[in-house]
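Commentary on secondary and tertiary structure
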Amino acid sequence: MSTSSSDERTLVLIKPDAVSRGLVGEIVSRFERKGLRIDAMQTRTLDGDFADQHYAEHVDKPFYPPLKAFMTSGPLVALVLSGDQVIDVVRTMIGVTDGRKAAAGTIRGDLSLSNRENLVHASDSPDSSKREIALWFPELG
Ligand code: CMP
């Protein structure tokens, strides 16, 4: 695996549903086989304040209270991945938000039947990647 100055980073969360279903290895394996590099990886259980910070743009939305309950319900695995165009590459690999609509071959399309319990979160832009990595892994900044 090569690195270059054009490599980006993205924050990925393997959510509590994936951990409780025993899918961490399956999901990490897909990222590794794609050729992405794991720069950081840690199991954490979120408290409500941290969930609010991570999902700052969603806290006022009607789906947020059950999302917050779900995201704080048990351990998750946070990763920083890097590679060429990693933000877009990972978004393509995980599929659209709703697992029922995500394309076959994507993580959500193959493994999720839910709009909320959709196994994975990934940064959606360079700005959100920068913000999320600073929040989760300040030591990488
Ligand atoms: P994620 O990529 O982590 O970003 C926001 C999360 O909110 C999303 O994945 C889903 O888990 C959840 N979410 C987004 N839209 C809805 C919705 N309409 N109903 C329930 N959960 C949602």
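Residues numbered from 1 in each chain as written. Predicted model: local features only at pLDDT ≥ 70, side-chain atom pairs only at ≥ 80, totals over all residues. Heavy atoms only, no water.

**Considerations on the pattern of salt bridges**
- As enumerated under the stated definition, the model contains eight salt bridges in all.
- Here D7 and R37 are joined by a salt bridge, their closest N and O atoms 3.9 Å apart. One end of the pair, D7, is in the segment before β1 (8–14); the other, R37, is in strand β2 (residues 37–44), with 30 residues separating them in the sequence.
- When its relative accessible area of 26% is taken as the criterion, R37 is described as partly exposed.
- One salt bridge connects D39 with R37, and the closest N-O pair in it is separated by 3.3 Å.
- A relative accessible area of 25% means that D39 is categorised as partly exposed. (Salt bridge = Lys/Arg side-chain N within 4 Å of Asp/Glu carboxyl O. Helix = DSSP H or I, 4+ residues; strand = E, 2+ residues; numbered from the N terminus. Buried < 20%, exposed > 50% of the residue type's maximum accessible area, 1.4 Å probe, protein only.)

**Regarding the packing of aromatic side chains**
- The tally for this structure, following the rule as stated, stands at two aromatic pairs.
- Between F50 and W136, the aromatic rings sit 4.8 Å apart at their centres with planes inclined by 80 degrees, giving edge-to-face as the arrangement. Remark: W136 occurs in helix α7 (residues 126–136) and F50 occurs in helix α3 (residues 48–54); sequence separation between them is 86 residues.
- Using a relative accessible area of 18% as the deciding quantity, one classes F50 as buried.
- The class of W136 is buried, set by a relative accessible area of 1%.
- Considering the side-chain rings of Y55 and Y64, the 6.4 Å spacing of their centres and the 70 degrees angle between planes classify their relative orientation as edge-to-face.
- Cation over ring: R44 sits above F137, and NZ or CZ is 5.3 Å from the ring centre. (Phe/Tyr/Trp six-rings, centres within 6.5 Å; stacked < 30°, edge-to-face > 60°. Lys NZ or Arg CZ within 6 Å of the ring centre and 35° of its normal.)

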